[in-house]
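Residues per chain are reported as follows:
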Amino acid sequence: MEYKNLLIDVKDQIAILTINRPDKLNALNKETVVELRTAFEALGSNKDVNVVIITGSGEKAFVAGADISEINKLDMLEGKKFSEFGQSVFSLIENFDKPVIAAVNGFALGGGCELALSCHIRLASENAKFGQPEVNLGIIPGYGGTQRLTRLINSGRAMEMILTGDMIDASEAFRIGLVNKVYPQSELMNKAWEMASKISAKGQLAVRFAVQAVNVVDEVSSQQGQNIEASLFALCCGTEDFKEGTSAFLEKRKPLFKNK
Ligand code: COA
């Protein structure tokens, strides 16, 4: 499928999805968000894809936010629809059962920071900058940022970012747990690929159940979460991959997973 604002490259069971509007610092216009939804629906059913990496085109920006030229025209009702639509697409990414890694290669502002937050793992280049500058525009984050940022880095830090609109650099993002690792820009995609390959070599049913189990943590009580974990663990025990993984360990050989 051809996209206007996305590039998708699938190789060795890993999809690299690049937001491709470099002249606008990869700002998310409506068309791009619609394409993101279509792309994730297609990647979800693509049997050749185990892991997705999201990055931005060029060396300057991951995504510099929602497209301000479109936001500028919203009235109240349209603002609600705008927010709800973006939230639904980012929730689709968060709830995607194949792992999604954000390779944040520059500015991740507003909707760009929120896009990174909806991914399962965040890696960043040394030049990356994170921020929720919406208050500078007279709005608040609308693609889930008030919720995901607060859950990830605690309310005091999230309040500071959201209320001041200040950007933080990659080392500060690492220090406060917003990103897992920071690399020189020239190494970022290789490192993201390495991590994706490592995950892709595991039994994919277990990987997907693990994503689902971790993702329910904010939705349910601890006991309900553990019940879900037990059910997903039980499902793993019914797979061929489980027999293969455990047998391979006991036979001192490498497992050959079939994702069955
Ligand atoms: N929406 C629409 N266009 C955007 C954009 C956005 N969020 N972010 C950047 N652009 C456009 C600029 O308008 C400019 O377009 P032009 O060349 O047609 O004028 C182009 O991208 C390059 O951006 P520019 O501002 O010239 O680059 P810079 O290096 O001087 O500054 C930023 C980089 C990221 C600091 C600055 O672009 C910025 O503050 N962007 C908005 C960030 C924001 O508020 N995001 C939240 C939106 S809800």
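Relevant structure appears above.
Residues numbered from 1 in each chain as written. Predicted model: local features only at pLDDT ≥ 70, side-chain atom pairs only at ≥ 80, totals over all residues. Heavy atoms only, no water.

Caption draft 1: Structural view of the packing of aromatic side chains. By the definition in use, this model includes 3 aromatic pairs. Between Phe90 and Tyr143 the ring centres are 5.2 Å apart and the planes differ by 75 degrees, which places this aromatic pair in the edge-to-face class. Of the two residues, Phe90 sits in helix H3 (residues 76–94) while Tyr143 sits in the loop between strand S8 (129–131) and helix H5 (145–153), which places them 53 residues apart along the sequence. Taking the relative accessible area as the measure of exposure, Tyr143 reaches 4% and is therefore buried. Ring pairing ties together the aromatic residues Phe82, Phe90 and Tyr143, which thus form one cluster. (Phe/Tyr/Trp six-rings, centres within 6.5 Å; stacked < 30°, edge-to-face > 60°. Helix = DSSP H or I, 4+ residues; strand = E, 2+ residues; numbered from the N terminus. Buried < 20%, exposed > 50% of the residue type's maximum accessible area, 1.4 Å probe, protein only.)

Caption draft 2: Region of interest: the environment of Ala15. Along the chain, Ala15 falls in strand S2 (residues 14–19). With 86 residues separating them in the primary sequence, Ala15 and Ile101 have C-alpha atoms 10 Å apart. Sequence-distant contacts of Ala15, defined by excluding residues within four places in its chain, comprise Asp9, Val10, Leu43, Val49, Val51, Val52 and Ile53. (Contact = heavy atoms within 4.5 Å.)

Caption draft 3: Representation of the side chain of Ser57 within the structure. Mapped onto the fold, Ser57 is located in the loop between strand S3 (51–56) and strand S4 (61–63). Not counting chain neighbours up to four residues away, the residues in contact with Ser57 comprise Thr18, Ile19, Asn20, Pro22 and Asn26.

Caption draft 4: Region of interest: the sheet that holds strand S6 (residues 107–109). Strand order across the open sheet formed by 4 strands is S4-S6-S8-S9, with mixed pairing between neighbours. Edge positions in the sheet fall to S4 and strand S9 (168–169), since each has one partner strand and no second. Inspection of the sheet shows S6 paired to S8 by 3 bridges, in the parallel sense. The partner of Ala108 across the bridge, within S8, is Phe130. Packing of helix H4 (residues 111–118) onto the sheet brings it into contact with S4, S6 and S8, and relative to S4 it is tilted by some 75 degrees. (Pairing = 2+ DSSP bridges. Axes fitted to C-alpha atoms, helices over the stretch in contact; angles between N-to-C directions.)

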